[in-house]
Amino acid sequence: MNLNVLVLPGDGIGQEVTREAVRVLKQVAGKFHHKLTLTEGLLGGVAIHNVGTPLPEETLQLALEADATLLGAVGLPEFDSWLPEKRPERGLLGLRKALGVYANLRPVRAYAALLDSSPLKNHLVEGVDMIIVRELTGGLYYGTPRGISGEGAETRGVNTMAYSRWEIERIARMAFHLARGRRRKVTSVDKSNVLETSQLWRRVVIEVAPEFPDLELDHLFVDNCAMQLILNPRQFDVLVTENMFGDILSDEGAVLAGSIGMLPSASIGERRSTGAWAGLYEPVHGSAPDIAGQDKANPLAAIGSVAAMLEYSFGLKQEADAVNRAMETVLNSGRVTADLKPAGKPATTTEVGEAVCAALR
Ligand code: NAD
């Protein structure tokens with residue numbers, strides 16, 4: 001398969017963790033005989049320094065042409081006092097919009113070596129392996145009318161939660177497709193006992209489901225789902241929900257796994273003519289100026305983002321599993337960065353990247 005990937009290292013530790021993620025991507029492509037075409041572009045503070053804008057036109061073009069984009073992180077303290085529209089972070093928002101990525105995927109995995117980092121008891125998190133699929137471009141965060149009007153006691157704030165059938169159909173299909181490469185179970189989360197948007201959501205998900213007769217579908221109200229994520233997180237395989245519910249539940253899911261240096265994310269849009277899903281893959285963490293340039297950052301969130309890219313954009317489950325297994329081997333060996341509080345001397349970013357590659361060989 002031809003893997004056409006744009007790399008945007010960005011700022012701070014983004015540069016360091018992306019270097020290791022690319023090292024792993026090259027290793028896995030070589031091992032499984034895929035042709036890897038890598039291009040590199042500027043985004044964020046580094047782009048402002050070089051060409052005066054956080055999202056250069058050239059980067060945008062490269063992203064639109066690539067099957068998938070691997071991003072480090074953006075943000076530099078020197079821009080903290082700048083207006084929002086000129087800051088590095090605006091480049092990332094512009095890129096997400098231009099790529100039309102409407103599904104945010106957060107894989108949540110409990111690694112055996114990190115069970116003690118989870119706030120839950122070990123027996124509850126052990127074996128957790130789910131993916132939360134959040135609708136990213138509709139619902140309450142985008143609906144109109146919105147705003148604050150009136151005066152005094154009559155001042156009113158308004159937001160509108162609205163979904164159209166086509167928005168629900170495409171995210172439901174995305175969740176069902178993902179479940180086919182996993183344990184074949186989809187849980188749709190809504191509040192259909194109260195909200196009309198949720199009644200439509202549930203109705204459309206049920207109507208799409210017969211296209212995937214080999215999959216199991218169930219439904220949960222969002223309040224119960226928040227509880228079940230803590231009581232019995234192992235029951236979930238693919239969890240699909242609307243924008244705001246997903247925003248809240250994905251953060252709840254994220255803490256199950258432990259450290260921020262471990263959390264990958266994927267944002268996915270339409271299918272490309274090559275068959276790949278256009279996607280943007282990035283660690284959840286930022287550019288961490290406090291440790292940038294010191295070879296201290298944990299590269300596993302970035303490396304996990306490579307695994308997510310292989311699985312979701314290219315459908316290469318075996319390759320993704322190989323990366324996840326290699327990460328697990330490294331975690332079990334204890335050769336990890338300082339944020340994971342190893343018993344001995346912490347490993348550097350570079351050493352962890354090299355160790356994942358060695359485990360892949
Ligand atoms: P941050 O995620 O960069 O750092 C928070 C804390 O976690 C810091 O102490 C940092 O050292 C630590 N940390 C983060 N990633 C780590 C890793 N891989 N290994 C070890 N430790 C890690 O968040 P912040 O400090 O709030 O933001 C710093 C900059 O990053 C800001 O400019 C912010 O706007 C930007 N930011 C960008 C993104 C993104 O690009 N998607 C996301 C969040 C923040």
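Placed above this text is the structure.
Residues numbered from 1 in each chain as written. Predicted model: local features only at pLDDT ≥ 70, side-chain atom pairs only at ≥ 80, totals over all residues. Heavy atoms only, no water.

This part covers the pattern of salt bridges. For the coordinates displayed, the defined rule picks out 23 salt bridges. Close ionic contact of Glu282 with Arg96 constitutes a salt bridge, the shortest N to O distance being 3.0 Å. With Glu282 in strand β12 (residues 277-283) and Arg96 in helix α4 (residues 88-99), the pair connects residues that are 186 residues apart, well separated along the chain. The class for Glu282 is buried, based on a relative accessible area of 6%. Arg184 is the partner of Asp214 in a salt bridge, and the nearest nitrogen-oxygen pair spans 2.3 Å. With Asp214 in the loop between α7 (196-208) and β9 (216-221) and Arg184 in the loop between α6 (165-180) and β8 (185-190), this residue pair connects regions lying 30 residues apart in the sequence. Where salt bridges share partners, they join Arg19, Glu20, Arg23 and Asp295 into one cluster. (Salt bridge = Lys/Arg side-chain N within 4 Å of Asp/Glu carboxyl O. Helix = DSSP H or I, 4+ residues; strand = E, 2+ residues; numbered from the N terminus. Buried < 20%, exposed > 50% of the residue type's maximum accessible area, 1.4 Å probe, protein only.)

Where strands meet in a sheet, backbone hydrogen bonds hold them as pairs that are either parallel or antiparallel. Across the sheet, which stays open at both edges, the 10 strands sit in the order β2-β1-β3-β12-β11-β4-β5-β10-β8-β9 with mixed pairing between neighbours. The open sheet has two free edges, formed respectively by β2 (35-40) and β9, since each of these has just one partner strand. Adjacent strand axes in the sheet meet at a mean angle of 20°, parallel and antiparallel pairs treated alike. With 3 bridges connecting them, strand β3 (residues 68-73) and β12 associate as parallel partners. Bridging across to β12, Ala68 finds its partner in Gly279. Where α4 meets the sheet, it contacts β1 (2-10), β3 and β12, and its direction lies at approximately 160° from that of β12. Across the sheet, α7 is in contact with β5 (129-135), β8, β9 and β10 (238-241); its angle to β9 comes to roughly 170°. (Pairing = 2+ DSSP bridges. Axes fitted to C-alpha atoms, helices over the stretch in contact; angles between N-to-C directions. Contact = heavy atoms within 4.5 Å.)

Turning to the nonpolar core, a few remarks are in order. In summary, soluble globular proteins display a tendency toward joint burial of nonpolar side chains. Judged by nonpolar contacts, the single largest core of 71 residues is most densely connected at Leu105, Val133, Phe176, Tyr281, Leu310 and Tyr312. Broken down by element, the residue count for this core peaks at 9 residues, all from helix α10 (residues 300-313). What Leu105 contacts, discounting residues up to four positions off in sequence, is Ile131, Ile132, Val133, Leu178, Ser265, Ala266, Ile268 and Tyr312. (Core = buried A, V, L, I, M, F, W, Y, C linked by side-chain atoms within 4.5 Å.)

Within the structure shown, the criterion is met by 3 aromatic pairs. With a centroid separation of 4.9 Å and an interplanar angle of 25°, the aromatic rings of Phe176 and Phe212 are classed as stacked. Of this pair, Phe176 sits in helix α6 while Phe212 is found in the loop between α7 and β9, placing the two residues 36 residues apart along the sequence. You'll find Phe176 and Phe212 in the same group, each marked buried. (Phe/Tyr/Trp six-rings, centres within 6.5 Å; stacked < 30°, edge-to-face > 60°.)

Turning our attention to unusual backbone geometry. Cis peptide bonds are those with omega within 30 degrees of zero, and the linkage from Thr144 to Pro145 qualifies with 5°. The backbone of His33 sits at a positive phi, close to 60°, despite the residue not being glycine. Secondary-structure assignment places His33 in the loop between α1 (13-31) and β2. In this structure, Asp295 takes a positive phi of about 60° despite not being glycine. With respect to the secondary-structure elements, Asp295 resides in the loop between β12 and α10.

Close contact between α1 and helix α12 (residues 349-360) brings their axes to 9 Å; oriented N to C, the two are set at 10°. On the basis of the axis angle, α1 is roughly parallel to α12. In this structure, α1 uses Glu16, Val17, Arg19, Glu20, Arg23, Val24, Gln27, Val28 and Lys31 to contact α12, whose residues at the interface are Thr349, Thr350, Gly353, Glu354, Val356, Cys357 and Leu360. A breakdown of the residues in the contact of α1 with α12 according to their chemical character gives 6 nonpolar, 4 polar and 6 charged. (Parallel < 35°, antiparallel > 145°, perpendicular 65-115°, else oblique. Nonpolar A, V, L, I, M, F, W, Y, C, P; charged D, E, K, R; others polar.)

Let us now look at the site of the ligand. By nearness alone, 19 residues border the ligand, and Glu89, Gly286, Ala288, Asp290 and Asn298 come closest of all. In the environment of the ligand, an oxygen atom lies 2.9 Å from a nitrogen or oxygen atom belonging to the backbone of Val74. The separation between an oxygen atom of the ligand and a polar main-chain atom of Gly286 is 2.7 Å. Taken together, the residues of the shell around the ligand sort by class into 9 nonpolar, 6 polar and 4 charged. (Near = heavy atom within 4 Å. Polar contact = N/O pair within 3.5 Å; in protein donor to acceptor, adjacent residues only side chain to side chain.)

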